[in-house]
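# Structural characterization, general
As a plain string of letters, each chain reads:
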Amino acid sequence: MKTFFNIEDLGDLRTALSEAQEVKQNRFGYQQLGKNKTLLMIFFNNSLRTRLSTQKAAMNLGMNVIVLDVNAGAWKLETERGVIMDGDKSEHLLEAIPVMSSYCDIIGIRSFAGLTDRNFDYAETIVNQFVQYSGKPVFAMETATVHPLQAFADLITIKEHKPIARPKVVLTWTPHCRALPQAVPNSFAQWMNRADVDFVVTHPEGYELDPRFVGNARVEYDQHKAFEGAHFIYAKNWSNPGVTNPAEYGKITCQDMNWTVDAEHMAWTDNGYFMHCLPVRRGLIVTDDVIEGAHSLVIPEAANREISAEVVIKRMLEAL
Ligand code: AN0
Ligand code: CP
């Protein structure tokens with residue numbers, strides 16, 4: 001595997017899921033693969049889970065790991081070409097990328113959407129430059145539009161807990177106080193569309209996800225109807241994707257607290273599980289009782305991030 005951004009990069013999903021199961025039972029079984037190989041993890045944004053789980057996965061595989069927080073100690077990077085660099089940015093991404101890649105074998109990158117320029121974000125301008133100029137395998141640790149390590153871990157978690165062969169999975173928008181990217185719901189939708197699940201998306205009108213991710217998934221604007229019979233509720237806030245109104249891209253255009261997942265919402269489901277990628281703001285996305293309840297999967301879901309990362313890095317090592 002040379003890149004990992006979209007579900008297509010992973011190939012057959014069943015094979016990937018059984019590989020995940022195998023890796024989970026034997027996570028130190030591939031130490032020779034990573035010997036004397038270096039993973040460079042580059043963070044343009046904060047992280048708790050991605051940082052720890054990806055580093056752990058690489059260490060399971062016997063790799064050396066370097067973590068770079070671009071905004072804490074590195075030179076500020078210019079990303080646009082053709083500018084006179086007389087501001088606070090001391091170095092250009094086009095030098096920084098080949099320099100960084102000379103010290104490693106595989107690159108993981110976190111670079112969130114700026115949420116101001118839809119075309120810039122949805123063209124994956126930053127990450128594509130890493131792919132083009134590094135000459136190394138590159139994987140997403142959440143880019144402007146995707147978070148595939150999360151979606152893969154979510155799918156592993158659903159497979160481990162599903163009460164029936166083809167469960168009903170509902171992605172629900174929830175309110176939030178800050179404008180958040182669409183990467184998590186984009187990837188979740190993309191992956192659920194390919195998984196053996198009955199997938200429904202519910203959100204206020206105007207919050208339609210980009211068609212290239214949501215595809216032909218069923219969209220139900222009535223959250224109560226969407227929740228009926230659900231086996232998994234996947235809550236997430238996202239800012240306006242600007243699909244129906246480009247001027248609203250990245251803005252908060254709804255703060256309706258009726259969408260917060262509470263016990264009453266969960267009672268509409270078929271004894272459903274609660275999922276969220278974390279970090280989560282209680283009281284906005286979900287109530288304390290639901291996230292702390294017996295049917296909350298947020299901790300096993302986060303733990304599976306180590307497994308999704310290990311499968312992805314293992315495949316990249318195998319292809320070096
Ligand atoms: C980020 C987001 O919503 O994309 C990261 C989630 C994994 N969340 C926040 O910035 C709070
Ligand atoms: N779910 C997730 O990616 O969390 P972090 O932002 O803490 O890495």
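Residues numbered from 1 in each chain as written. Chains lettered and ligands numbered in written order. Predicted model: local features only at pLDDT ≥ 70, side-chain atom pairs only at ≥ 80, totals over all residues. Heavy atoms only, no water.

### Focus on the site of ligand 1
Heads up, the condition is: Here a residue is considered near a molecule or strand provided that any single heavy atom belonging to it is located within 4 Å of it. Here a polar contact means two N or O atoms within 3.5 Å. Within protein one must be a hydrogen donor candidate and the other an acceptor candidate, and residues neighboring in sequence count only if both atoms are side-chain atoms. Shrake-Rupley sampling with a 1.4 Å probe provides the accessible areas, and residues are treated as covered by the protein chains on show and by no other component. Each residue is assigned to one of three groups, with Ala, Val, Leu, Ile, Met, Phe, Trp, Tyr, Cys and Pro labelled nonpolar, Asp, Glu, Lys and Arg labelled charged, and all others, Gly among them, labelled polar.
What surrounds ligand 1 is the set Phe112, Glu142, His147, Leu180, Pro181, Lys236, Cys277, Leu278 and Pro279. With respect to ligand 1, the side chain of Glu142 contributes an N or O atom lying 2.6 Å from an oxygen atom. Within the complex, 82% of the 330 Å² of free accessible area of ligand 1 lies under protein. Residue composition of the shell around ligand 1, by class: six nonpolar, one polar and two charged.

### Description of the site of ligand 2
Selection rule: Each domain's extent was defined by an automatic or database domain assignment.
As a matter of local geometry, ligand 2 sits amid Ser47, Leu48, Arg49, Thr50, Arg110, His147, Gln150, Cys277, Leu278 and Arg305. With respect to ligand 2, the side chain of Arg305 contributes an N or O atom lying 3.0 Å from an oxygen atom. With the chains in place, 93% of the 260 Å² that ligand 2 exposes on its own is no longer accessible. For the shell around ligand 2, the two domains that each supply at least three residues are domain 1 (3-146 + 305-319) and domain 2 (150-301).

### Some words on the domain arrangement of the protein
The following threshold applies: Summed over both partners, buried area is the accessible surface (1.4 Å probe) that two parts give up on being assembled. A carboxyl oxygen of Asp or Glu within 4 Å of a side-chain nitrogen of Lys or Arg is what we treat as a salt bridge. Where helices and strands are cited, they refer to DSSP runs of H or I of at least four residues and of E of at least two residues respectively, numbered from the N terminus.
According to the domain assignment, the protein contains domain 1 (3-146 + 305-319) and domain 2 (150-301). Placing the centre of domain 1 and that of domain 2 at their C-alpha centroids yields a distance of 25 Å. For the domain 1 and domain 2 pair, buried surface summed over both sides reaches about 2,600 Å², with 59% attributable to carbon and sulfur atoms. At the junction of domain 1 and domain 2, the tally comes to three salt bridges. A salt bridge links Glu8 to Arg194; the nearest nitrogen and oxygen atoms lie 4.0 Å apart. Mapped by element, the contributors of at least two residues to the side of domain 1 that touches domain 2 are helix H1 (13-25), helix H4 (118-122) and helix H12 (298-318). It is H1 that provides the largest number of residues to the side of domain 1 that touches domain 2, a total of six residues. A breakdown of the residues in the side of domain 1 that touches domain 2 according to their chemical character gives 16 nonpolar, seven polar and eight charged.

### Side note on the packing of aromatic side chains
What counts here: Pairing of aromatic rings covers Phe, Tyr and Trp, the last counted by its six-membered ring, and requires centre-to-centre distances within 6.5 Å; plane angles under 30 degrees mean stacked, over 60 mean edge-to-face, and any other angle means tilted. Whether a charge lies above a ring is judged from NZ of Lys or CZ of Arg, which has to be within 6 Å of the ring centre and within 35 degrees of the ring normal.
By the definition in use, this model includes eleven aromatic pairs. Centre to centre, the rings of Phe188 and Tyr234 are 3.8 Å apart; their planes meet at 10°, and the pair counts as stacked. Taken as a pair, Phe188 in helix H7 (residues 183-194) and Tyr234 in strand E11 (residues 232-236) lie far apart in primary sequence, 46 residues in all. An aromatic cluster is present here, built from Phe4, Phe152 and Trp191 joined pairwise through their rings. The positively charged end of Arg51 is found above the aromatic ring belonging to Phe43, 4.6 Å away from the centroid. One cation-aromatic arrangement involves Arg118 over Tyr122; the distance from NZ or CZ to the ring centre is 4.1 Å.

### Describing the packing of helix H3 (residues 93-101) against helix H5 (residues 125-134)
Definition in use: Each axis is a line fitted through C-alpha atoms, taken for helices only over the stretch in contact, and angles between the N-to-C directions span 0 to 180 degrees. Here is the rule for angles: anything less than 35 degrees is roughly parallel, anything more than 145 is roughly antiparallel, 65 through 115 is roughly perpendicular, and the remaining ranges are oblique. Working rule for handedness: look at the near helix, and if it is turned counterclockwise from the far one by less than a right angle, call the crossing left-handed; if clockwise, right-handed. What makes two residues a contact is simply this: any of their non-hydrogen atoms within 4.5 Å.
One way to put it is that H3 packs onto H5 with a least axis distance of 9 Å and a crossing angle of 55°. Judged on the interaxial angle alone, H5 and H3 are oblique. Once H3 is placed against H5, the crossing between them reads as right-handed. Contacts between H3 and H5 involve Leu93, Leu94, Ile97, Pro98, Met100 and Ser101 from the former and Ile126, Gln129, Phe130, Tyr133 and Ser134 from the latter.

### Here's the deal with a nonpolar patch on the surface
Rule in force here: The patches reported here contain residues having more than 30% relative accessible area and no salt bridge. Joining distances are 9 Å for like charges and 5 Å for nonpolar side chains (Val, Leu, Ile, Met, Phe, Trp, Tyr). Working definition: with a 1.4 Å probe on protein chains only, accessible area under 20% of the residue-type maximum means buried, over 50% means exposed, and in between means partly exposed.
Where nonpolar side chains cluster on the molecular surface, the patch consists of Ile66, Val99 and Tyr103 and spans about 290 Å² of accessible area. Along the chain, the position of Val99 falls in helix H3. Exposure remark for Val99: the relative accessible area of 39% places this residue in the partly exposed category.

### Observations regarding the sheet that holds strand E2 (residues 38-43)
Cut-off, in case you're wondering: Pairing between two strands requires that DSSP report at least two bridges joining them.
Read from one edge of the open sheet, five strands run E1-E7-E6-E2-E3, paired in parallel fashion. Two strands in the sheet have a free side with no partner beyond their single neighbour: strand E1 (3-4) and strand E3 (64-69). Two elements, E1 and strand E7 (residues 138-140), share two bridges in a ladder whose sense is parallel. Across the sheet, the residue bridging to Phe4 is Phe139, located in E7. The sheet strands contacting H12 are E1, E2, strand E6 (106-110) and E7, and the helix crosses E7 at an angle near 170°.

### A closer look at helix H2 (residues 49-60)
Counting along an α-helix, one turn takes 3.6 residues, and residues three or four places apart therefore face a common direction. Heads up, the rule is: Residue count minus one, scaled by 1.5 Å, sets the expected span of a helix.
Its twelve residues place the ends of H2 16 Å apart at the C-alpha level, agreeing with the 16 Å of an ideal helix rising 1.5 Å per residue. By the burial criterion, the buried members of H2 are Arg49, Thr50, Arg51, Ser53, Thr54, Ala57, Ala58 and Asn60. Considering only its buried residues, H2 is in contact with E2, E3, E6, E7, helix H6 (148-161) and H12. Gly62 sits one or two residues past H2 and shows a positive phi near 80°.

### What about the sheet that holds strand E12 (residues 273-275)?
Taken together, the five strands give an open sheet; going across it, the order is E10-E9-E8-E11-E12, and neighbouring strands pair in parallel fashion. Of all strands in the sheet, those bounded by a partner on one side alone are strand E10 (218-219) and E12. When strand E9 (residues 198-202) meets E10, the two strands line up parallel, connected through two bridges. Bridging from a neighbouring strand, Val200 pairs with Arg218 of E10.

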